[in-house]
Structures are given as structure tokens and as C-alpha cells.
Amino acid sequence: MGKANQGDLEIVPSPFLAFLKDLHSKYKSLQEGAVANYIPELAKVNPDLFSICIVTVDGQLYEVGDYEQLFTIQSMSKVFAYGLALEDRGRDYILTKVGVEPTGDAFNAIILDEQSKRPHNPMVNAGAIATTSLIKGSGATERLNRMLDMFRRYIGRDVFVDISVFTSERSTGHRNRAMAHLMLNFGTIDQNIEEALDLYFQQCAVMVNCRDLAVMAATLANRGTNPITGEQAVDSRYIKDILSVMYTCGMYNFAGEWAYKVGIPAKSGVCGGIFAVVPQQMGIAVFSPLLDTRGNSVRGVKVCEELSQHLSLHLF
Ligand code: DON
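Keep in mind that what you see is a predicted model, and the values were worked out from it rather than measured.

What follows is about the UniProt feature "binding site: substrate" (unreviewed entry) in the protein chain. Using the residue numbers shown here, the UniProt feature "binding site: substrate" (unreviewed entry) corresponds to Ser75, Asn125, Glu169, Asn176, Tyr200, Tyr252 and Val270. By the element assignment, Ser75 lies in the loop between β4 (71-72) and α2 (77-89). With 24 C-beta atoms packed within 10 Å, Ser75 lands in the buried category. For Asn176, a count of 22 C-beta atoms within 10 Å translates into the label buried. Setting aside its immediate chain neighbours within four residues, Asn176 contacts Asn125, Ile129 and Leu197.

Let us look at the pairing of strand β3 (residues 60-65). Most of β3 is tucked away: five of the six residues are buried. Counting the residues that bridge the hairpin from strand β2 (residues 51-56) to β3 gives three residues, and of these Gly59 lies at a positive phi of roughly 85°.

It is worth spelling out the confidence of the model for the protein chain at this point. For residues with low pLDDT, the predicted coordinates do not support detailed interpretation. Residue-level pLDDT values for the protein chain average 95, and 96% of them are 70 or greater. In the model output, the complex is listed with pTM 0.95 alongside ipTM 0.98.

For the rest of this paragraph, the subject is the domain arrangement of the protein chain. Under the domain assignment, the protein chain is made up of domain 1 (10-71 + 208-230 + 239-311) and domain 2 (75-204). Computed over C-alpha atoms, the centres of domain 1 and domain 2 are 22 Å apart. With 32 residues of domain 1 at the interface, the matching set in domain 2 holds 27 residues. Broken down by element, the side of domain 1 that touches domain 2 gets its largest block of residues, seven residues, from helix α10 (residues 239-249). Classifying every residue of the side of domain 1 that touches domain 2 gives 16 nonpolar, 11 polar and five charged.

Of note, Asp66 is situated in the loop between β3 and β4. Along the primary structure Asp66 and Leu313 are separated by 247 residues, whereas in three dimensions their C-alpha atoms are 24 Å apart. Once residues within four sequence positions are removed from consideration, Asp66 is found in contact with Leu49, Phe50 and Ser51.

To continue, consider the nonpolar core. Ranked by size, the top nonpolar core spans 99 residues in total, and within it Ala214, Ala217, Ala266, Phe275, Ile284, Ala285 and Cys304 carry the most contacts. If you tally residues by element for this core, the top one is helix α9 (residues 210-221), at nine residues. Here this core spans two domains, since at least three of its residues come from each of domain 1 (10-71 + 208-230 + 239-311) and domain 2 (75-204). Beyond its immediate chain neighbours, meaning those up to four positions away, Ala214 contacts Cys53, Ile54, Val55, Phe275, Gly283, Ile284 and Ala285.

Attention now moves to the packing of α2 against helix α5 (residues 140-155). Between α2 and α5, the shortest axis-to-axis distance is 10 Å and the interhelical angle comes to 110°. Considering their axes alone, α2 and α5 lie roughly perpendicular with respect to each other. With respect to the hand of their crossing, α2 and α5 are arranged in right-handed fashion. Taking contact as the criterion, the partners of Phe80, Ala81 and Leu84 in α2 are, on α5, Met147, Met150, Phe151 and Tyr154. The residue makeup of the contact of α2 with α5, split by class, is seven nonpolar, no polar and no charged.

So, on to the site of the ligand. Gln74, Ser75, Phe107, Asn108, Asn125, Glu169, Asn176, Cys204, Ser268, Gly269, Val270 and Gly295 make up every residue found near the ligand. Partitioned by chemical class, the residues of the shell around the ligand number three nonpolar, eight polar and one charged. If you count residues domain by domain, the shell around the ligand takes at least three from each of domain 1 (10-71 + 208-230 + 239-311) and domain 2 (75-204).

Tracing the sequence through the fold places Val206 in the loop between α8 (193-204) and β5 (207-208). Under the C-beta neighbour-count criterion, Val206 is labelled buried, with 23 such atoms within 10 Å. When the C-alpha atoms of Val206 and Thr172 are compared, they prove to be 18 Å apart, with 34 residues separating the residues in sequence. Not counting chain neighbours up to four residues away, the residues in contact with Val206 comprise Thr72, Ile73, Ser77, Phe151, Val159 and Val161.

Moving on, we come to α2. Along its 13 residues, α2 runs 18 Å from first to last C-alpha, staying within 8% of the 18 Å computed at 1.5 Å per residue. Among the 13 residues in α2, 10 count as buried, and that is most of the element. Buried within α2 are the following residues: Ser77, Lys78, Val79, Phe80, Ala81, Tyr82, Gly83, Leu84, Ala85 and Leu86. Against α3 (91-97), α4 (125-133), α5, α8, α10 and β6 (266-268) lie the buried residues of α2. Count one or two residues on from α2 and you reach Gly90, which has phi positive near 90°.

So, on to the packing of helix α6 (residues 163-172) against α8. Axis separation between α6 and α8 bottoms out at 9 Å; the angle between their running directions is 140°. By the angle between their axes, α6 is oblique relative to α8. Here the hand of the crossing between α6 and α8 comes out right-handed. Seen from α6, the contacting residues are Phe166, Glu169 and Arg170; seen from α8, they are Asp198, Phe201, Gln202 and Cys204. Considering only residue class, the contact of α6 with α8 consists of three nonpolar, one polar and three charged.

The rules behind each value
Residues numbered from 1 in each chain as written. Predicted model: local features only at pLDDT ≥ 70, side-chain atom pairs only at ≥ 80, totals over all residues. UniProt positions renumbered as here; feature names shortened; annotations may be inferred. Helix = DSSP H or I, 4+ residues; strand = E, 2+ residues; numbered from the N terminus. Buried ≥ 20, exposed ≤ 12 C-beta atoms within 10 Å, placed from the backbone. Contact = placed C-beta atoms within 7 Å. Pairing = 2+ DSSP bridges. pLDDT = per-residue confidence, 0-100. Domains from an automatic or database assignment. Nonpolar A, V, L, I, M, F, W, Y, C, P; charged D, E, K, R; others polar. Core = buried A, V, L, I, M, F, W, Y, C linked by C-beta atoms within 7 Å. Axes fitted to C-alpha atoms, helices over the stretch in contact; angles between N-to-C directions. Parallel < 35°, antiparallel > 145°, perpendicular 65-115°, else oblique. Left-handed = near helix turned anticlockwise from the far one by under 90°. Near = placed C-beta within 6 Å. Expected span 1.5 Å × (residues − 1).

And the structure:
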């Protein structure tokens, strides 16, 4: 295990680490699922990559597998962009633009709430595009820089956008473009939609590794303060908003079963990452690119189910 590069992360040898290693070897041989290919660049990922990381709110780190392997954050970015939009515009205004109801539909469903014409929640693509369009800045560059700085606070190092994944999605993301047009039609988005889509595609193409994700999750578990750097990444007032929508909507049309079986707020991405938050305790991250039909990492779901049972993490 290498030395951590995020400040003073403490790597703890323990029976718990041995448990994570066993979990890793148990599921390493599981070959179910398929890598995402609707964004052409994502299809190039090595399907065997697999890592599990846990960071506690007092800064202990446990990690196994390919935990330094970088990948694009994809839908997991939606959680953090929602926090920034809440800080920028306030809860009441954001609620007029994006709801908080689970859809029971796929992440890329082209649907808006019948009556309000809002997207159902900020975790599905339509809601995330609307959320991102609300991030403040005097132009595209300032908005992107504010977004990147927000990720830096959560992770504890500078982040960058993978340009090939960004351009790959920008040139093929017609479904997302269709949603943006629908929302422009109803006045949910009022700015230049190409600019909103670019920022959304850029936030999805931010590069992270499994350890970063666990630190980000631990920051949410620690009421918005990065447990490694001590920096406030998001206003603690919005932690309950963020974790509530993660809990009810973060796993899309698997959100109910996830809440029932695993019982903690979580978010997945088509890169194969899942991160989960145990409030006041720890952040958990798993990376394995083989996805089920709902776009959730197959090994990621299994690992989180076992961790929840083993550590009694279910909130109820
Ligand atoms: O907009 C998209 O389709 C992707 N950039 C992100 C989707 C995603 O990660 C859904 N997660 N399971």
C-alpha cells in the first residue's frame, strides 16, 4: 500500500483492512455486467479495475485494489454540483427549478414533472443539467473554475477535466441535449443551453480516483468539512438537502431497493463508481466499471451491501 498523497491521510493496518481485502478478492472474480459504451471514450476502460476505499471523519484511510486509478466522475458529480447550486441560489429558489421526487425511471429518461415542468430531482440527467445551469459566474470560464474549485475543496487537490471524455460526450450527448431543449421550452433553463450542457459534460469528465471519492464522501459525512484538510467544502446547512436526495434518488430506479438493503445515502456513475455516506462516521467508495442494466456498478452494489451488513450501517 502506497503513501497517501492527500495531506496527512493515515493508513491504518487492521483487521478491518483484512476484511476489505477479503471482500475485494471475493468479488474480483465476479465478471457480470458491461462497461458503459454510449459515451464512446468510456468503452475503453479496463473492466477488471476494482478498488474499495473508506475514509473516516477522523481521517483514517482504508484502501484496497486500484485505488489510485483515475477515471471520470460522471453522475457522481451531480451531488456536488447540487451543493454548489444550493449555496449560489438558496434552497427555495432551487426548489422552484428542480424537484426532490424519485422517478423510478432510468437516469436518462426524458421526463419532467407533469404539473410543474421541473425535472424530478437533481440526480437524474435532466435535473442535473438544470442544476448546473444555475451555478453562478460571469461567463463559461468563471463557472467552470468555480466548479473545479468546489471539487478541489472536497478532494484536497487540484482537479482537471479529461478533454477526450468531455468532447466524446459533447459530440454524442444528443439525449441530454434533447432534455435541455425541453427545459428551455418550459423556462426551467433560461441561459444559453449549449453553455449549460458544456459545463454539465465538463463536470462529468472531472478525473478522480477511488480514494478521492471516499474523501469526498467523508466530507459529506463530516457535515461539509474535508476531514483531511479541514477545509469547508460546502455550507453545512445544505448537507441535509444533499444527503436526502442522494438517499431517495441517488441510485435511480434501484434507489428503493438500495435504501431497503444498504440503507445509506449513495450515488453511482456510469464510470463504475459508487460512493456512500455514513453521516458522522465515514465515506465509502467503490470503483469497478462493469455495470448492471440500471447503470450501477455490479461489484460496487455487492460490496456496499456486504459492508452495510458487516458494519451495521443501515440507518434504521
Ligand atoms: O449524462 C450522462 O449520461 C453521463 N455524463 C453521466 C450519467 C451517469 O453517470 C449515470 N450514472 N449511473
